[in-house]
Amino acid sequence: MTEVRPARTGTLRHDAVPMRLYHEAKRLGAWDPQALDLSRDAEDWSRFSVAERDVLLRLSVMFQAAEESMTRDLLPLLVAVTREERLEEQLFLATFLADEAKHIEFFRRILDAVCRQSGDLQRYQTPSFRRLFSERLPAAMQRLLIDPTPAAQADAIVIYSLVGEGVLGDAGYHAFNTALAGGDRLPGFRAGLARSQADEQRHLAYGLFVLSRLIGEGPDVWQTISARMEELLPLTLGIVSEFFESYDPMPFGLSLEDTVQDAIARFATRWAALEEVKQRGRPLASPPGADQVVRDIQGWVGDQLHPAPIEVRREGTGPVYTFHVGSGGAAPEGQASALLITEEVVAHHSSEDVIAALRVHRVPERLRATKRARLTCLSAGGKIIVQPPE
Ligand SMILES: [Fe+2]
Ligand SMILES: [Fe+2]
């Protein structure tokens, strides 16, 4: 009789990128689309013009369909990672899958309770959109079930993460954020958008981590990544253009040029990080770029001000990240305390340096002590300063 193998008991490397993202997901990703108060949103909806409503509806429909594909098509990646016994990545992907489920629920709730559209909205899916989400994405992801080679995994992550969550997700959030910037309309919708966008940043960080790991393990994978990206970019930008082609004039002052520029600039940072990995031949020790610094600061400020939630917003490509304290996004602008951090600070300093400066200037204490406190963290002469001084 053969002896039955014992169940595996894996150890966890808490400092590995996927585990760091996993812990972040538990801390920052716990939100409930059902808990968003949409009563004001339902009233606000009728105050938008017909064309404005159409833009918001179209975006929501596209997001809802994309989130559904992303949820369904993530499973083959989870299977591939599980087969390779990458326990830390399995843990993170479990949170990832739950996030995507919440995104479907969130956009469905917006369509039902705010836009009040329950019928068939497939007319908003343009040809390029269908091509990507009904053909290319499912094909690349499902291929992993029969062909989990590094090249197939790289291919899948380029389309899922760099293209879907990256360029397209960024363009979509840019359009939403520009359309809803500056006002206090649709507070519940904006709160949910901020939460789902923050979730996507973690997913993107994981996608980049896996690509960097694959490049580190076998440099040939780089060919697959760059060829696929080059091939998909026209289709991706086609989706953005087809969205804009539907309107003349375009409501909310949205511009195709700005939207594409913003998405490409964010993509360029990620691409540069991957090129660096290729050159050094070593995977990323931490997720790259400003996104990670912002998330680290959000995590630290959140721990200091617990249980008040911290929500980060950036108006389009504006030069400032605003960390709203305890508003849950529902308080009108200016009613809750906020910490403003300039892009320069985030781009030129490490998270450790920024957090050290916030600690020295007793930023959490001051945000907690004063109602509607507004502190600004900026960079001058290479130093991080906080205004106004204590
Ligand atoms: Fe999502
Ligand atoms: Fe995602």
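From a predicted model like this one, the values you see are computed outputs, not experimental measurements.

Describing the overall build of the chain
And then number 1: Assigned secondary structure in the chain consists of 14 helices and five strands.
And then number 2: Here the C-alpha atoms of the chain give a radius of gyration of 21 Å, agreeing with the 21 Å that 2.2 N^0.38 yields for 390 residues.
And then number 3: Expressed as lengths along the three principal axes of its C-alpha atoms, the size of the chain is roughly 70 × 50 × 45 Å.
And then number 4: Looking at the chain as a whole, 42% of its 390 residues are labelled buried.
And then number 5: Nonlocal contacts in the chain, meaning residues at least 24 apart in sequence, comprise 76% of its contacts between residues at least 6 apart.

Examining the sheet that holds strand 2 (residues 320-325)
And then number 1: Strand order across the open sheet formed by five strands is 1-2-3-4-5, with mixed pairing between neighbours. The open sheet has two edge strands, strand 1 (310-314) and strand 5 (383-387), and neither has a second partner. Between one strand axis and the next, the sheet turns through 20° on average, direction left out of account.
And then number 2: As defined by bridge partners, strand 3 (residues 338-342) adjoins strand 4 (residues 374-380) across four bridges and the pair is classed as parallel. Residue pairing in the sheet places Ile341 in a bridge with Cys377 of strand 4.
And then number 3: Packing against the sheet, helix 13 (residues 351-360) makes contact with strand 4 and strand 5, and its axis sits at approximately 40° to strand 5.

Concerning helix 4 (residues 75-83)
And then number 1: Along helix 4, the residues that are buried comprise Pro76, Leu77, Ala80 and Val81. Taken around the axis of helix 4, the buried residues stretch over an arc of 135°, which confines them to a single face.
And then number 2: Taken together, the buried residues of helix 4 touch helix 5 (87-114), helix 6 (127-146) and helix 7 (150-179).
And then number 3: Just downstream of helix 4, Glu85 is the residue with a positive phi angle, here 55°.

Things to note about the pairing of strand 4
And then number 1: One ladder, built from five bridges, connects strand 4 with strand 5; its direction is antiparallel. Paired with Ala380 across the bridge in strand 5 is Lys383.
And then number 2: The turn linking strand 4 back onto strand 5 is made up of two residues, and Gly381 within it adopts a positive phi angle of 55°.

Let's talk about the domain arrangement of the chain
And then number 1: Each domain of the chain was delimited in the assignment, giving domain 1 (17-286) and domain 2 (292-387).
And then number 2: Centre-to-centre separation of domain 1 and domain 2, based on C-alpha positions: 25 Å.

Some words on the environment of Leu274
And then number 1: Summarising the element assignment, Leu274 is placed in helix 10 (residues 256-280).
And then number 2: Sequence-wise, Leu274 and Gln197 are 77 residues apart; in three dimensions their C-alpha atoms are separated by 22 Å.

Side note on the nonpolar core
And then number 1: Counting 99 residues, the largest nonpolar core has Leu77, Ala156, Leu211, Phe323, Leu339 and Ile341 as the members making the most contacts within it.
And then number 2: Considering every element that reaches this core, the biggest residue donor is helix 7, with 15 residues.
And then number 3: Not counting chain neighbours up to four residues away, the residues in contact with Leu211 comprise Ala154, Ile157, Ile225 and Leu274.

Thoughts on the environment of Phe252
And then number 1: Mapped onto the elements, Phe252 comes out in the loop between helix 9 (221-245) and helix 10.
And then number 2: Residue Phe252 is classed as partly exposed on the basis of its C-beta count, with 18 C-beta atoms lying within 10 Å.
And then number 3: The spatial distance from the C-alpha of Phe252 to the C-alpha of Ala51 is 9.4 Å, given a sequence separation of 201 residues.
And then number 4: With residues near it in sequence (within four places) discarded, Phe252 still touches Glu52, Val55, Thr178 and Ala179.

What counts, and where the lines are drawn
- Residues numbered from 1 in each chain as written.
- Chains lettered and ligands numbered in written order.
- Predicted model: local features only at pLDDT ≥ 70, side-chain atom pairs only at ≥ 80, totals over all residues.
- Helix = DSSP H or I, 4+ residues; strand = E, 2+ residues; numbered from the N terminus.
- Rg over C-alpha atoms; globule rule 2.2 N^0.38 Å.
- Buried ≥ 20, exposed ≤ 12 C-beta atoms within 10 Å, placed from the backbone.
- Contact = placed C-beta atoms within 7 Å.
- Pairing = 2+ DSSP bridges.
- Axes fitted to C-alpha atoms, helices over the stretch in contact; angles between N-to-C directions.
- Arc of directions from axis to C-beta.
- Domains from an automatic or database assignment.
- Core = buried A, V, L, I, M, F, W, Y, C linked by C-beta atoms within 7 Å.

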